[in-house]
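A closer look at the structure
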Amino acid sequence: MRQISDHERVLMRLIWANGGSARYLDLAEGIAKRGERWSKNTIVTLLSRLVEKGALSADKEGRRNRYTALVSEQEYCDEQAGLFVDKIYAGDAKGLVSTLIRQELLSQADYDELRQYWETEAEGL
């Protein structure tokens, strides 16, 4: 999937939170609940771009479209994490983890949970 903008990501998160599909009205309400004001044309344009990028499909329901995510939130996050590590840390994931620890963005509880995860995963290899 091609890169999506911050505003496109807002729509994707609303769609994912709505079970993976939504109508325009659902999205407009979600944006309003965030305290933001987007015009109908802005939302429709962003949805069209997401369809063009292969992130969404648009299917007619009567006279309206239902937009369905073609990529899960986890798939998107996994892809973006890989791109981020490649771009910022030249593929060195250890550098990212070091930064998270140094900046105190990774708590002791997070560290313990990750350690347990890695130990469990290592046993399965």
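Look above for the structure.
In this report, we go over the structure that sits alongside the text.

What counts and what doesn't
The residue count restarts for each chain, going from 1 along the sequence in the order it is written. It should be noted that, the model being predicted, local features are given only for residues of pLDDT at least 70 and side-chain atom pairs only at 80 or more, the latter also being counted only at that level, while totals for whole chains, interfaces and linings use all residues. For the side-chain quantities, the full set of heavy atoms in the structure was used; hydrogens and water were omitted. Buried Ala, Val, Leu, Ile, Met, Phe, Trp, Tyr and Cys residues form a nonpolar core when they are joined through side-chain atoms within 4.5 Å. Partly exposed residues are those whose accessible area sits between 20% and 50% of the maximum for their type, while under 20% is buried and over 50% is exposed, using a 1.4 Å probe and protein chains only. Every helix listed is a DSSP run of H or I at least four residues long, and every strand listed is a run of E at least two residues long, numbered separately from the N terminus. Pairs of residues are marked as contacts when any of their non-hydrogen atoms sit within 4.5 Å. Any residue with relative accessible area above 30% and no salt bridge may belong to a patch, with like charges joined within 9 Å and the nonpolar Val, Leu, Ile, Met, Phe, Trp and Tyr side chains within 5 Å. Under the convention used here, a 1.4 Å probe and the Shrake-Rupley method define accessible areas, while residue burial counts only the protein chains that appear. Any carboxyl oxygen of Asp or Glu that lies within 4 Å of a side-chain nitrogen of Lys or Arg is treated as forming a salt bridge with it. Strands qualify as paired when DSSP identifies two bridges or more between them. Structural elements are reduced to axes, namely lines fitted to C-alpha atoms, with helices fitted over the stretch in contact, and the angle between N-to-C directions of any two is expressed from 0 to 180 degrees.

Turning our attention to the nonpolar core. In this structure, Leu11, Met12, Ile15, Leu47 and Leu56 are the most contacted members of the largest nonpolar core, which totals 21 residues. Broken down by secondary-structure element, the contributors of at least two residues to this core are helix H1 (6-17), helix H2 (24-33), helix H3 (40-52) and strand S3 (64-69). Broken down by element, the residue count for this core peaks at 5 residues, all from H1. Apart from the residues within four sequence positions on either side, isoleucine 15 is in contact with Gly20, Ser21, Ala22, Leu27, Leu47, Leu56, Tyr67 and Ala69.

Moving on, we get to a nonpolar patch on the surface. Taken together, the side chains of Leu114, Tyr117 and Trp118 make up a nonpolar region of the molecular surface, amounting to roughly 320 Å² of accessible area. On the basis of relative accessible area, tryptophan 118 is assigned to the partly exposed category, the value being 47%.

In total, this model carries 7 salt bridges according to the counting rule given. For glutamate 73, the salt bridge goes to arginine 13, with nearest N and O atoms at 3.8 Å. Placement of the pair is glutamate 73 in helix H4 (residues 73-89) and arginine 13 in helix H1, with a sequence separation of 60 residues. Accessibility expressed as a relative area gives 35% for glutamate 73, which makes it partly exposed. Its relative accessible area of 41% is what places arginine 13 among the partly exposed residues. When the shortest N-O distance is used, the salt bridge between arginine 115 and glutamate 119 registers 3.4 Å. Taken together, the positions of arginine 115 and glutamate 119, both in helix H6 (residues 108-123) and 4 residues apart, correspond to about one turn of that helix. With a relative accessible area of 44%, arginine 115 lands in the partly exposed category.

If you walk across this open sheet you meet the 3 strands as S1-S3-S2, and the pairing is antiparallel. A strand with exactly one partner marks an edge of an open sheet, and here the two such strands are strand S1 (21-23) and strand S2 (56-61). Direction aside, the axes of adjacent strands within the sheet are offset by 25° on average. Strand direction decides the pairing type here: S2 and S3, joined by 6 bridges, are antiparallel. The partner of glutamate 61 across the bridge, within S3, is arginine 64. Lying on the sheet, H1 is in contact with S1, S2 and S3; it crosses S3 at an angle near 90°. Here H3 sits on the sheet in contact with S2 and S3, set at roughly 120° to S2.

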